[in-house]
Amino acid sequence: IIGPELYTVVANAGPDLNYCSGSSMAIGSPSLPSYTYSWSPIANLSSSTVANPTVIIINNGTSNIVTDYVVTATNNGCSVTDTVRVTVFPLPTSIFSATGPVCVAESAFISYTGNAGAGATYLWDFDGGIIVSGSGQGPYLISWPVSGTKNVTLTVLQNGCLSSTTTVITMVNPPDANAGADVSF
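Now for a quick tour of the structure. Nothing here was measured: the structure is a model prediction, and the numbers come from that model.

A few words on the overall build of the chain. On a plain count of helices and strands, the chain comes out with zero helices and 14 strands. Shown N-terminal to C-terminal, the secondary structure of the chain runs as helices and strands in the order β-β-β-β-β-β-β-β-β-β-β-β-β-β. For 185 residues, the compact-globule formula gives about 16 Å, and the C-alpha radius of gyration of the chain, at 29 Å, lies well above that figure. Principal axes of the C-alpha set define a box for the chain whose edges measure 130 × 25 × 20 Å. Expressed as a percentage of its 185 residues, the buried residues of the chain come to 31%. Counted over contacts in the chain with a minimum sequence separation of 6, partners at least 24 positions apart contribute 56%. Counting only carbon and sulfur atoms, one obtains 54% of the accessible surface of the chain, whose full area is about 10800 Å².

Structure, rendered in structure tokens:
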């Protein structure tokens, strides 16, 4: 007597993934011969019927977008499922405000106005400016000993996502004040 054939069906949605908005990631695994695949939900997938589609999610918000994708793999009438969690981080913004123009030897007030949190890394380049006060996210008071245009750059790194902004601040020499020679009456 010959019994029924037993089939082992494998579904592999791949490891959980985290990535930055504006990028894309492949989920799943290579296709197996004679298998069919179905993904759910189908939103933001390059295809819902391949073994390893690409996820493309744009996150313009301030919170992470988390989606659980379920793949159903079918072979010889047998189906199994597996799940992968995809987390898409919003890009941090690196915008800041700065006073200007500013007289040489006076301080410019520079304040971060972006959306990154306290856990982010803030890399400031003050173009030779001297930090009078401030650290991390800021705000800062910065002075420059020489007149001219100064390029202030902020790069913000959060959850592996990067943003950079440069703003120009103009440093001017103070005007000469001369009331003339002292006069006695």
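Additional details are given in the paragraphs that follow.
Let's shift gears to the pairing of strand β13 (residues 148-158). Put simply, side chains in a regular strand alternate between the two faces of the sheet. When strand β10 (residues 121-125) meets β13, the two strands line up antiparallel, connected through five bridges. If you follow T121 over to β13, its bridge partner there is L157. Where β13 lies against strand β14 (residues 161-172), 11 bridges are found, and the strand directions are antiparallel. Paired with L157 across the bridge in β14 is L162.

Within the structure shown, the criterion is met by six aromatic pairs. With 6.0 Å between their ring centres and 20 degrees between their planes, Y35 and Y37 make a pair best called stacked. As far as burial versus exposure is concerned, Y35 and Y37 are alike and both buried. A ring pair is formed by F96 and W124, whose centres lie 5.2 Å apart and whose planes are at 65 degrees; its orientation type is edge-to-face.

This brings us to the sheet that holds strand β9 (residues 107-112). Within the open sheet, the four strands sit side by side as β7-β9-β12-β11. Their pairing is antiparallel. Taken across any chain shown, the strands that pair with only one partner, and hence form the sheet edges, are β7 (96-98) and β11 (130-133). Between one strand axis and the next, the sheet turns through 30 degrees on average, direction left out of account. In this structure, β7 lies alongside β9, joined through three bridges in antiparallel fashion. Directly across from A98, in β9, lies its bridge partner I110.

The next point concerns the sheet that holds strand β6 (residues 78-89). With mixed pairing, four strands are arranged side by side in an open sheet as β1-β6-β5-β3. Of all strands in the sheet, those with a lone pairing partner are β1 (17-20) and β3 (36-40), marking the two edges. Adjacent strand axes in the sheet meet at a mean angle of 25 degrees when their direction is disregarded. When β1 meets β6, the two strands line up parallel, connected through four bridges. By the bridge assignment for β6, Y19 is matched with V88.

As for its placement among the helices and strands, S163 is situated in strand β14. The exposure class assigned to S163 is buried, which follows from its relative accessible area of 15%. At a separation of 3.2 Å, a polar atom in the side chain of S163 contacts the main-chain carbonyl oxygen of P92. Discounting residues that sit within four places of it in the chain, S163 has contacts with P92, T93, S94, L154, T155 and V156.

Turning to the state of the cysteines, a few remarks are in order. Per the counting criterion, the structure on display carries one disulfide. Paired by a disulfide, C20 and C161 hold their sulfur atoms 2.1 Å apart. Where C20 bonds to C161 through sulfur, the torsion about that S-S bond is close to -100 degrees, and the disulfide is left-handed. Here C20, found in strand β1, pairs with C161, found in strand β14; they are 141 residues apart in sequence, far enough to count as distant. Of the two residues, C20 and C161, neither departs from the other in class, the shared state being buried.

Thresholds, definitions, all that
Residues numbered from 1 in each chain as written. Predicted model: local features only at pLDDT ≥ 70, side-chain atom pairs only at ≥ 80, totals over all residues. Heavy atoms only, no water. Helix = DSSP H or I, 4+ residues; strand = E, 2+ residues; numbered from the N terminus. Rg over C-alpha atoms; globule rule 2.2 N^0.38 Å. Buried < 20%, exposed > 50% of the residue type's maximum accessible area, 1.4 Å probe, protein only. Contact = heavy atoms within 4.5 Å. Areas by Shrake-Rupley, 256 points an atom, 1.4 Å probe, with all protein chains shown as cover. Pairing = 2+ DSSP bridges. Phe/Tyr/Trp six-rings, centres within 6.5 Å; stacked < 30°, edge-to-face > 60°. Axes fitted to C-alpha atoms, helices over the stretch in contact; angles between N-to-C directions. Polar contact = N/O pair within 3.5 Å; in protein donor to acceptor, adjacent residues only side chain to side chain. Disulfide = S-S within 2.5 Å.

Any functional reading would require information beyond the geometric quantities listed.
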